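Residues per chain, in single letters:
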Amino acid sequence: MKAVILEKQDLLENTPLQIKEIPMPEPGSHEVRLKVSVCGVCRTDLHIAEGELPAHKLPLIPGHQIVGTIDGLGTGVTRWCGGERVGVPWLYKTCGKCRYCRRGQENLCDNASFTGYDADGGFAEYTIAPEDFVYRLPENYGDLEVAPLLCAGVIGYQSLHATGLKDEGRLGLFGFGSSAHIVIQVAIHQGLEVYVVSRTEKELTLAKALGAHWVGHIDDDMGVLLDAGIVFAPSGELLVESLKKLDKGGRIVSAGIYTTPLPGFDYTLIYPEKCLTSIAHTTRDSVQAFLKVASEFKIKTQVNIFRLEEANKAFLAIKNSSVSGSTVLKIT
Ligand SMILES: [Zn+2]
Ligand SMILES: [Zn+2]
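Note that the structure is predicted; figures quoted are calculated from it, not measured. (Residues numbered from 1 in each chain as written. Chains lettered and ligands numbered in written order. Predicted model: local features only at pLDDT ≥ 70, side-chain atom pairs only at ≥ 80, totals over all residues. Heavy atoms only, no water.)

Peer 1: Would you explain the pairing of strand β5 (residues 85–88) in this entry?
Peer 2: On a regular strand, each side chain points to the face opposite its neighbour's, so the side chains alternate between the two faces of the sheet. Of the strand pairs in this sheet, strand β4 (residues 66–73) and β5 are connected by four bridges, and their pairing is antiparallel. From the neighbouring strand, Val67 faces β5, where its bridge partner is Gly87. Direction of pairing for β5 relative to strand β9 (residues 135–136): antiparallel, over a ladder of two bridges. Bridge pairing in β9 links Val86 to Arg136. (Pairing = 2+ DSSP bridges. Helix = DSSP H or I, 4+ residues; strand = E, 2+ residues; numbered from the N terminus.)

Peer 1: Is there a simple way to think about the coordination of the zinc ion (ligand 2) in this case?
Peer 2: Working reference: metal with six octahedral donors, ideal angles 90 or 180 degrees; metal with four tetrahedral donors, ideal angle 109.5 degrees. The zinc ion (ligand 2) binds to the protein through Cys95 (SG), Cys98 (SG), Cys101 (SG) and Cys109 (SG); the donor distances cover 2.3 to 2.4 Å. If you look at the zinc ion (ligand 2), its four donor atoms make angles of 103 to 119° with each other, and the shape they trace is tetrahedral. In primary sequence terms, the donor set of the zinc ion (ligand 2) follows C-x2-C-x2-C-x7-C. Given a relative accessible area of 10%, Cys98 falls into the buried group. (Donors = N, O, S within 2.8 Å, 3.2 Å for Na, K, Ca; no water. Tetrahedral: all angles 85-135°; square planar, octahedral: opposite > 155°, others 65-115°. Buried < 20%, exposed > 50% of the residue type's maximum accessible area, 1.4 Å probe, protein only.)

Peer 1: Just checking my understanding: could you explain the coordination of the zinc ion (ligand 1) for this structure?
Peer 2: Cys42 (SG), His64 (NE2) and Cys151 (SG) make up the full set of protein donors to the zinc ion (ligand 1), lying at 2.0 to 2.2 Å. Mapped onto the sequence, the residues coordinating the zinc ion (ligand 1) show the spacing C-x21-H-x86-C. Pair noted here: His64 is in the loop between α1 (43–50) and β4 and Cys151 is in the loop between α3 (143–146) and α4 (152–163), with a separation of 87 residues, a long-range link. According to the relative accessible area criterion, Cys151 is buried, its value standing at 5%.

Peer 1: Looking at this structure, I do not really get the sheet that holds strand β10 (residues 170–174). What am I missing?
Peer 2: By definition, the strands of a sheet pair up through backbone hydrogen bonds, in either a parallel or an antiparallel sense. Read from one edge to the other, the open sheet built from six strands follows the order β12-β11-β10-β13-β14-β15, with strand pairing classed as parallel. The open sheet has two edge strands, β12 (214–216) and β15 (275–278), and neither has a second partner. Here the strands of the sheet are splayed against their neighbours by 15° on average, with no regard to which way each runs. With five bridges connecting them, strand β13 (residues 226–231) and strand β14 (residues 246–254) associate as parallel partners. When the sheet's bridge partners are listed, Ile230 is paired in β14 with Val253. Each of β10, β13, β14 and β15 is contacted by helix α7 (residues 236–243), which is oriented at about 160° to β14, the strand it contacts most. (Axes fitted to C-alpha atoms, helices over the stretch in contact; angles between N-to-C directions. Contact = heavy atoms within 4.5 Å.)

Here it is as structure tokens:
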């Protein structure tokens, strides 16, 4: 089968992603094989390719927003028959035994493994996943439009949940890429007023079109203070700047797995009772909860489509912000 292989972490300008012909993978015990249709590209994939995150497995097939059809069953599989359309997200497997797993925080599992990081992912014609960590997808979406929901969507949803906002309040989104352009639709659907900060005019235009109440740059005056914010851009400086926009008792959630160091800041940025926190990965429950929300109304994903052979080009397009919305590789 054809697969995108990362042999060695390197700057994307040096084309670390190469397309290769490799043997088809066989599902093991309690695993299923998917014939991959589409796999979304996430910023985390860029951090893995370029080495901002340490390598866990090399050579590696990246990709963790996988949409495909089950075409092979390992021994002992009971949840699937074959032929179902399913998705595989970032959380590949958890131990089920550690204290985090036992108390319902499997996203913090001590022994978790991740798709396209610890295990080969979806930038290939076929991939393998544990049967308990694949999901039926809402039928009101095609393969191309559902792929970005699997990480960008789920992470945005988990971040929104972590802000504590329910059906009213002012929510700031800092950085407006793949995840933000999905969560803004969920937030507005819930009744929140959304303020979007980005450096990129293209992103601000998209935010406005998706219903943002206010759009602008970080130094612009919003005219109000926010009840909560989600920071998507991997910038410690932006995290600190976002705190300056926050009202008393407000909360900033960092959605990223990686960010540049935070500069020192004055205590008044977290006083009184302002909170700066982060979310890490997702649980199976939050994936299910988000897919349910997505089935209840149509989230419009703006998708930039590349071929499998164009993986490196697709990654560079995200790195250089030359695309807005979500980026996917169409595989079959
Ligand atoms: Zn991701
Ligand atoms: Zn665990």
